[in-house]
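Coordinate inspection notes
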Amino acid sequence: MSARAGQPEVLAPAGSPAALDAALLCGADAVYFGVDVLNARRNAENFTLEHLADTVRRCHVRGVKVYLTLNIVVLEQEIPQLMRAAEAACAAGVDAVIVQDAGEAAILRSCAPKMPLHASTQMVVHNAEGARRLESMGFSRVVAARECTREELAAIAAGTSMQVEAFVHGALCMSVSGQCYLSSVLGRRSGNRGLCAQPCRLAFTAGGCGHALSLKDMSLIERVRELQKTGVCSLKIEGRMKRPEYVAAAVTACRAALAGETPDMESLRAVFSRSGFTDGYFDGRIDSSLFGYRQKEDVTAAAGVLGKLENLYADPRRQVQKVGVEMAFAMKAGAPAFLSVLDCDGNCVCAEGDIPQAAVSRPTDPDRARAALCKTGGTPYHVERMLCSIAPGLMLPASSINALRRDALAKLDGQRGAPRPVRFDAAALWTPPDSPRAPRPALHVRLYDPKQLSEEMMEEAALVTLPVQALLDLLERDGPPCPDKLCAGLPRILFDGQDRLRAQLERLRGYGVKHAAVGNPGAAQIAADYGFLMHGEPFLNATNSYAAEALAGWGLYDLALSFELSLDAARALRSPVPRGVTVYGRLPLMTMRACPVKAFVGCARCRRGENFITDRRGESFYTSCAYGCAELLNPMPLFMADRLDELGGFDFVELRFTTETPADCARILRAYRYGGRCDGPFTRGLLYKTVL
């Protein structure tokens, strides 16, 4: 069940049974969908564990692979649910499982080592170093970040032996996938857990743009040949929340483009778009042309094409028959007619029919037999080759030949759809190790500006993190104040510039800096190459004990747990390395390659203080590119200095200083040493809530 020879597979979304039908009947090579638990589109109609095996069978009969999405971060109490879903996936024989959570990946590797694992785009792989890190964890495929350029995709594909999957069409999130906390912080609906409320599509103003957090949908369908040349093996269509007509249009357009034909982009735009499509990221054209939102004309355009698009899969004459077969038909006197069918995957079946009679007027010849046997409409099969061996003077009614064909193809359905279970050993689940807790949490500080650093901070904090270049500038200007406490904060996202970063890290090592903060697989790979003591950041999204253990396996010295955990949930996690939580700061709600302030205000004005966007209530959300890509910061800081007695049970707590002045930093630092109240509005974040 492979894609057409020499071509990447067309991978279609199936958020509902109707969308699955559209994907299957329009010729998708593979589909991805979730069941009713633990998937990144929990608001889609989805499928049930009870019917998963039958759904997989239908897909396999039609020559379509099935990738099951279990692609969210998993909470500790959901591990039994994960085990049930994984066992059902193995019993059904899905072709791969798409995973975001590092702990889930470790569980599947242990309990179902033969199950292929695909790394979700939520795992934030945007360079070859990140791909290599996940390859070492046992993944067989990685879904690259949507923000990658043509050259960056090629570098990822060239830098790993894993398969590389890339998005070809569909929605663009404002934030790099896996790094958005806007929906969860504003309303507990976590994008990392499949319940994003899409607040980014609301009105946010930057300069003259009123929808500064909304991007157009991407489309590279007309450029699939260029995409193929990068080395990607799979073209992924986004859209598990979309209607079946959208799926039909996107799959059909992809197949047309791969065949060298002109795809129907007008119908695809009509069925769903946000002010049209963009290929800006692919070309490295990251400017205001990327932005767009769904307008009235976008909504009303669909009515004119829905009927035509429905016919792509509802009309049997339009349905794609993907599975090529060879037939051999034999007919001789005194013996049942015989038909063998061999499909493109090597499955072979045989069937016997009625005994032919002596012809009275018109004997059955090869042309008549071929005409009856090739009537495979309504099935997945098309006849590529036919062999006929017919003794002269015999006749077999067309109805008998048709019955023989139906019998043989039904047997082939059974063979193609036969269960191919993957062994699952629930007993292989283990209890993750834990480490002793510190009697009192140490203090870690993360700065966005070296001007925020003070002697008092260096004395009080066990670790002080600064952006790599800022730390270098500080050391070269003032000398090492205390290199044992200084930590190089690697870029949040590093699409390119790895050579420059490596050179910077070498210089930092020369100054005696031993610590590096890492928030994605690529950063961890680079820091490990230079022997840094690695401090895992909250952006690694550790929400369960298995994830903490798996991430510690990267060589982490300690681990800051996810922003999306409550204090109680974080405290209960087991970890083989010291664990901590963030207790102060304007949390980064998004990490963006397309900065709205840069696009609509400009970097010059940003540096003069116009580094913010405004929501519909007039609230200002500041942006910062101190750690590489632009971050969108929460207007209100997280504050816990008045509840220091509730921070026990952690090995460290972290203060994140972003827009604060040096005086602000000194005041807040003292508040966390002695206790104190916040002078202005603040939030407790999710420390006393459970994300949905």
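My aim in this report is to walk through the structure given alongside it, one point at a time. Note that the structure is predicted; figures quoted are calculated from it, not measured.

Observations concerning the packing of aromatic side chains
- Enumeration according to the criterion identifies 13 aromatic pairs in this entry.
- These aromatic residues form a ring-pair network of at least three members: Tyr584, Phe639, Phe657, Tyr672 and Phe682.
- Against the face of Phe167 rests Arg146, its NZ or CZ located 4.2 Å from the ring centre.
- A cation over a ring is seen here: Arg593 above Phe495, with NZ or CZ 3.9 Å from the ring centre.

Some points on the side chain of Asp651
- Turning to its location among the elements, Asp651 is positioned in the loop between β28 (630-633) and β29 (652-657).
- Given the relative accessible area of 9%, Asp651 is considered buried.
- Polar contacts involving the side chain of Asp651 include one to the side chain of Arg579, which spans 2.8 Å.
- Once residues lying within four places of it in the same chain are set aside, the contact partners of Asp651 are Pro436, Arg437, Ala438, Arg440, Pro441, Ala442, Pro578 and Arg579.

Side note on the environment of Ala488
- You can see Ala488 is positioned in strand β20 (residues 486-489).
- Between the C-alpha atoms of Ala488 and Glu9, which are 479 residues apart in sequence, the distance is 41 Å.
- Setting aside its immediate chain neighbours within four residues, Ala488 contacts Thr465, Leu466, Val468, Leu471, Leu508, Val513, His515, Ala516 and Ala517.

A word on the layout of surface pockets
- Of the volumes computed, that of the largest pocket is approximately 1,400 Å³.
- Lining the largest pocket are 46 residues, and of these Ser624, Cys625, Ala626, Tyr627 and Gly628 lie nearest its centre.
- For the lining of the largest pocket, the secondary structure elements donating two or more residues are α17 (468-478), α18 (498-510), α22 (596-600), α23 (603-607) and β27 (620-624).
- Of the residues assigned to the lining of the largest pocket, the class counts are 25 nonpolar, 12 polar and nine charged.

Cut-offs used in this document
Residues numbered from 1 in each chain as written. Predicted model: local features only at pLDDT ≥ 70, side-chain atom pairs only at ≥ 80, totals over all residues. Heavy atoms only, no water. Phe/Tyr/Trp six-rings, centres within 6.5 Å; stacked < 30°, edge-to-face > 60°. Lys NZ or Arg CZ within 6 Å of the ring centre and 35° of its normal. Helix = DSSP H or I, 4+ residues; strand = E, 2+ residues; numbered from the N terminus. Buried < 20%, exposed > 50% of the residue type's maximum accessible area, 1.4 Å probe, protein only. Polar contact = N/O pair within 3.5 Å; in protein donor to acceptor, adjacent residues only side chain to side chain. Contact = heavy atoms within 4.5 Å. 1 Å grid on protein atoms, 1.4 Å probe; cavity = no way out; pocket = protein on both sides within 12 Å on 5 of 7 lines; lining within 4 Å. Points joined across faces, edges and corners; volume = space filled by probe spheres on them. Nonpolar A, V, L, I, M, F, W, Y, C, P; charged D, E, K, R; others polar.

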